[in-house]
Amino acid sequence: MNGRTFMTRASALVAALAFTACGLGDLLDVSNPNDLIEGDVKTEAAASAVVNGALTLVSSSVSQSWQPYLVASDELRWIGSRDAWLSLDKGFVDDPLNEFIDGPFPAMGQGRWMSDFAISVVDSLVGENPSAAMKANLARANLYSGIMYMVIGEIQEDFAFSNKTEAAPPVGSENMHRVLDDAISRLSTAIAGFNEVGDADMALNAMAVRARARQSRAIWDVVNPNPSGNGLVNSAEAGADAMAVIAAAGGNDADWLFNLTYSSASASNSMAGWINDRKENQLDLSVATATAANDIDGIALKDPIDEVDDPSVIKWLNQWKGGNYLDKGGIYPPLTLASTRMMHIILAENALAGGNEATFTEHINHIRAMDGLTPFSGQIDNMEMLQHMRRVTVLLQGLRLADMYRWGISAPSWESSSDAVKCPGVMLPISIIERRANENIANDYAVC
């Protein structure tokens, strides 16, 4: 379900309430101060709330959409009772009927529509009142829209950008790079806006996300239409952003990150709900060991040089569990979108792809120094080191499946007849709820 279906349901609810009130005659012929129509939010007083609403919907969508993508990879595994999760774990990525591909799709449509709506609303208001506060709201709207477009471009095989009751045609698998281009454009606008109003911290956040989006754009080219070459990418634009982020965050030793946050006052982290609370899925056994009851009881992924539990894995799992990776964890952990660690791994890969082994080693060791690990000096193959450091640096950050495709890595759970094996590079499809609502999308389910 995209913005079209989302708004249709909302309109239907308003219409139903109006019909009921009319049927009761004059008895309820009163003005309800809580009634809202679309025009009510197109005011200066509502601008910040509209942008905050977009952030909430985008954050909720990311927490829902990353989970099926990561269960299909070797970061998460199915441990519960729902066969649709098992299907994803076996590599059947391209099934629009899968309930856990279908379930998150409406939230993705809502987050996309609302974040674009916030841009249009606040952009009009800036034209009337170009205050610093209003420009900051516009920059935030572009940041949140950029995040949503980036995630869609990273994990979706196809998408349709419908508007309320106006059904749009699908972008097409071969054109999904344009979604990442749109993400980069929105993030660039956000950076310029934050710089104009002097908000260096938010400009840093947007720059870090743009570095990620630019590298994901380069990875898209390597993975589509089929994985090619050695899988390495070298994005000068991503590298420039990464260098700027490291400098602004405090230098090479700064262990900075930018998270989406969740709380009882905004939204829960859906992926954490399924993993920490419901225990339907869990960290893959290549990442963390588990008890017979499927509770994490140790770290499986070791550092290849020091042969200790990898400290980056511990860092992310501690965050995931709310302090200690051995705890049960709750439903409000943050999700990391970007970090200085990610910036260093972008620069390391750029260097290796360009044949600059010294710079590659330098950036690998900046990450290793954050964890007090022995510096890398050729103890293992460069590509092996990059793949390990990339894996532990972006753990639980919605990027693993594309990395597996581009480097020819298969999950042991993938079946030979699965989409992931037969069509490496295939991502999550437009799900059945959208296919049934959008007459522009053929119900031929086979993408692979």
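These lines cover the structure that appears in this document, whether it is placed above or below. This is a predicted model, so every value here is computed, not measured. Going along each chain's sequence as written, the residues are numbered from 1 onward. With the structure being a predicted model, the display of local features is reserved for residues of pLDDT at least 70 and the display and counting of side-chain atom pairs for 80 or more, all residues being used for whole-chain, interface and lining totals. For side-chain calculations, the full set of non-hydrogen atoms in the structure is used, while hydrogens and water are omitted.

A word on the overall build of the chain
Piece 1. Helix numbering and strand numbering both begin at the N terminus, where a helix is a DSSP run of H or I of at least 4 residues and a strand a DSSP run of E of at least 2. Check the secondary structure of the chain and you find 17 helices and six strands.
Piece 2. Computation of the radius of gyration draws on C-alpha atoms alone. For the globule rule, the value is 2.2 Å times the number of residues to the power 0.38. The C-alpha atoms of the chain give 22 Å as radius of gyration, which agrees with the globular expectation for 448 residues (22 Å, within 12%).
Piece 3. Counting only C-alpha atoms and orienting by the principal axes, one finds that the chain spans roughly 80 × 50 × 40 Å.
Piece 4. Summary of the burial criterion: residues with accessible area below 20% of their type's maximum are buried, those above 50% are exposed, and those between are partly exposed, where the area comes from a 1.4 Å probe applied to protein chains only. Across the 448 residues in the chain, those meeting the buried criterion constitute 55%.
Piece 5. Throughout, a residue-residue contact means that at least one pair of heavy atoms, one from each residue, lies within 4.5 Å. Relative to all contacts within the chain whose residues are 6 or more apart in sequence, the contacts with residues 24 or more apart total 73%.
Piece 6. To measure how exposed things are, a 1.4 Å probe is used in the Shrake-Rupley method; for residues, cover is taken only from the protein chains shown. Of the roughly 17500 Å² that the chain leaves accessible, carbon and sulfur atoms contribute 52%.

Comments concerning the pairing of strand S5 (residues 296-299)
Put simply, side chains in a regular strand alternate between the two faces of the sheet.
Piece 1. Think of it this way: DSSP has to see at least two bridges between two strands before they count as a pair. When strand S4 (residues 288-290) meets S5, the two strands line up antiparallel, connected through three bridges. Paired with Thr289 across the two strands is Gly298, which belongs to S5.

Re unusual backbone geometry
Piece 1. Following Asn224, the chain continues into Pro225 via a peptide bond in cis, with omega recorded as 0°.
Piece 2. With respect to the element layout, Pro225 can be found in the loop between helix H8 (200-223) and helix H9 (236-249).
Piece 3. Although it is not a glycine, Lys164 sits at a positive phi angle of roughly 55°.
Piece 4. Within the fold, Lys164 resides in the loop between helix H6 (132-155) and helix H7 (177-197).
Piece 5. Judged by its relative accessible area of 27%, Lys164 is partly exposed.
Piece 6. The phi torsion at Asn294 lies on the positive side, around 65°, for a residue other than glycine.
Piece 7. Mapping Asn294 onto the fold places it in the loop between S4 and S5.

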